[in-house]
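Residue-level structure breakdown
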Amino acid sequence: MSTVRVTADKESGVAVVTLDRPDRLNAIDLAMVEELRETWRRLRFDDSVRAVVLTGAGERAFCTGIDRDAVVPQPGSPYMADDPLLRVGPKSNDLWKPVIAAVRGMACGGAFYLLGESDFLVADTTAEFFDPHTTYGMVSAYESVLMAQLMPHGEAARTALTGTAERLSAHRAHAVGLVTELTDPGGALAAATAVAAVIAGHPAEAVQGTVRALWAAKEAALAQGFAQAPHLVALGNLPGERQTELFRARQRTYRLR
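Now for a look at the structure at hand. None of the values given here were measured: they were computed from a predicted structure.

Thresholds, definitions, all that
- Residues numbered from 1 in each chain as written.
- Predicted model: local features only at pLDDT ≥ 70, side-chain atom pairs only at ≥ 80, totals over all residues.
- Heavy atoms only, no water.
- Helix = DSSP H or I, 4+ residues; strand = E, 2+ residues; numbered from the N terminus.
- Rg over C-alpha atoms; globule rule 2.2 N^0.38 Å.
- Buried < 20%, exposed > 50% of the residue type's maximum accessible area, 1.4 Å probe, protein only.
- Contact = heavy atoms within 4.5 Å.
- Areas by Shrake-Rupley, 256 points an atom, 1.4 Å probe, with all protein chains shown as cover.
- Lys, Arg positive; Asp, Glu negative; His and termini not counted.
- Charge placed at Lys NZ, Arg CZ, Asp CG, Glu CD.
- Phe/Tyr/Trp six-rings, centres within 6.5 Å; stacked < 30°, edge-to-face > 60°.
- Lys NZ or Arg CZ within 6 Å of the ring centre and 35° of its normal.
- 1 Å grid on protein atoms, 1.4 Å probe; cavity = no way out; pocket = protein on both sides within 12 Å on 5 of 7 lines; lining within 4 Å.
- Points joined across faces, edges and corners; volume = space filled by probe spheres on them.
- Nonpolar A, V, L, I, M, F, W, Y, C, P; charged D, E, K, R; others polar.
- Pairing = 2+ DSSP bridges.
- Axes fitted to C-alpha atoms, helices over the stretch in contact; angles between N-to-C directions.
- Salt bridge = Lys/Arg side-chain N within 4 Å of Asp/Glu carboxyl O.

Observations regarding the overall build of the protein chain
Assigned secondary structure in the protein chain consists of eight helices and 11 strands. Relative to the compact-globule value of 18 Å for 257 residues, the protein chain shows a C-alpha radius of gyration of 18 Å, a close match. Sorting the 257 residues of the protein chain into buried and exposed places 47% on the buried side. Of the contacts formed within the protein chain by residues at least 6 apart in sequence, a portion of 75% connects residues at least 24 apart. A total accessible area of about 12400 Å² is found for the protein chain, and carbon and sulfur atoms account for 56% of it. Of the charged side chains in the protein chain, 26 are positive and 30 negative, and the gap between their average positions amounts to 4 Å.

Structure below.
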């Protein structure tokens, strides 16, 4: 079954890409990785689509990162590591049409690969952002580098370092600039689609050139951070069995700030 749903409005020029695993909180399995990559590549060639909205199905989560049941084979070398999420975003697949994320419910961990390659975020008041890596004995490398491009360093650092103990509320995310527009519950998709339609109404060449220029401003920082990430992950991650122990022993309570 498909894990990514795409609907396009030819009149407005807006496509909505929906992560469609609500029973798994839209966690990304390996099938979804491939479907996302194919979706972005397909949208590159569809000139009738001039802007994209990215969202998650259901009310509980935008996306909760990599599915913990996903088995990712790794090369038998410390110099080569496969991270399937590195190529799930639109920019990683050379899509230079504007992508707006519409966030409802939880967005955490590997979801930041997708948020980090969106051009801006719209969220409703149920949205909560957090990064569980440190709680489970893992280095937040790629995720924190991406989020440091979207909000002040201190906020990105606190989100990465506090793990599951804290969550960034929708109101706080809006206050620090991570979220550009805050809506009532259930309203993020409509708000994101409305602004996408405005953008899609402008000449596509100018819009896409602007998207590319804005991303260029981030590329040097991302390249530097990503270059360090594999080594930091290899040095700092606990063995898988210990990570599983910490995951099972995690506290279910958290502070929403």
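Here we look at the packing of aromatic side chains
What the rule picks out here adds up to three aromatic pairs. When the ring of Tyr113 is compared with that of Tyr142, the centres are 6.2 Å apart and the planes differ by 40 degrees; the resulting orientation is tilted. Taken together, the residues Tyr113 in helix H2 (residues 111–116) and Tyr142 in helix H3 (residues 142–147) connect sequence positions 29 residues apart. Summarising the burial analysis for this pair, Tyr113 and Tyr142 share the class buried. Pairing Tyr136 with Phe247 gives two aromatic rings, centres 5.2 Å apart and planes at 75 degrees, and the pair type is edge-to-face. Of this pair, Tyr136 sits in the loop between strand E8 (128–130) and H3 while Phe247 sits in helix H8 (residues 240–248), and the two are 111 residues apart along the sequence. For Tyr136, a relative accessible area of 8% gives the class buried. In this structure Phe247 comes out as partly exposed when scored by relative accessible area, which is 22%. Above the ring of Trp215, the side-chain terminus of Lys91 is found at 5.5 Å from the ring centroid.

Observations concerning the layout of surface pockets
When its volume is computed, the second largest pocket comes out at roughly 280 Å³. Lining the second largest pocket are 16 residues, with Ser92, Glu117, Trp215, Leu222 and Phe226 sitting closest to its centre. It is helix H7 (residues 204–236) that provides the largest number of residues to the lining of the second largest pocket, a total of five residues. Across the lining of the second largest pocket, the residue classes tally to 10 nonpolar, two polar and four charged.

Re the sheet that holds strand E9 (residues 166–169)
Across the sheet, which stays open at both edges, the five strands sit in the order E4-E6-E8-E9-E11 with mixed pairing between neighbours. The strands lining the two open edges of the sheet, one partner per strand, are strand E4 (61–63) and strand E11 (255–256). Bridge count between E4 and strand E6 (residues 106–108): two bridges; the pairing is parallel. Its bridge partner lying in E6, Ala61 is registered against Met106. Here helix H4 (residues 153–162) sits on the sheet and contacts E8, E9 and E11; the angle it forms with E9, its principal contact strand, is near 145 degrees.

Some words on the pattern of salt bridges
A complete count under the given rule lists 19 salt bridges for this structure. Among the salt bridges present, the one from Lys91 reaches Asp119, with a minimum N-O distance of 3.3 Å. Of this pair, Lys91 sits in the loop between E4 and strand E5 (99–103) while Asp119 sits in the loop between H2 and strand E7 (120–124), and the two are 28 residues apart along the sequence. Residue Asp119 is classed as partly exposed on the basis of its relative accessible area, which comes to 27%. When the shortest N-O distance is used, the salt bridge between Glu166 and Arg158 registers 2.7 Å. With relative accessibility at 12%, the residue Glu166 sits in the buried group. Residues joined by salt bridges that share partners form a network here, namely Glu155, Arg158, Glu166, Arg172, Arg255 and Arg257.

Overview of unusual backbone geometry
Even without a glycine there, the phi angle at Leu25 is positive, about 55 degrees. Tracing the backbone through its elements, the reader meets Leu25 in the loop between strand E2 (14–19) and helix H1 (30–44). For Leu25, a relative accessible area of 18% corresponds to the buried category. Of note in the backbone geometry, Asn26 takes a positive phi value of approximately 60 degrees without being a glycine. Relative to the helices and strands, Asn26 resides in the loop between E2 and H1. Residue classification places Asn26 among the buried residues on the basis of a relative accessible area of 0%.

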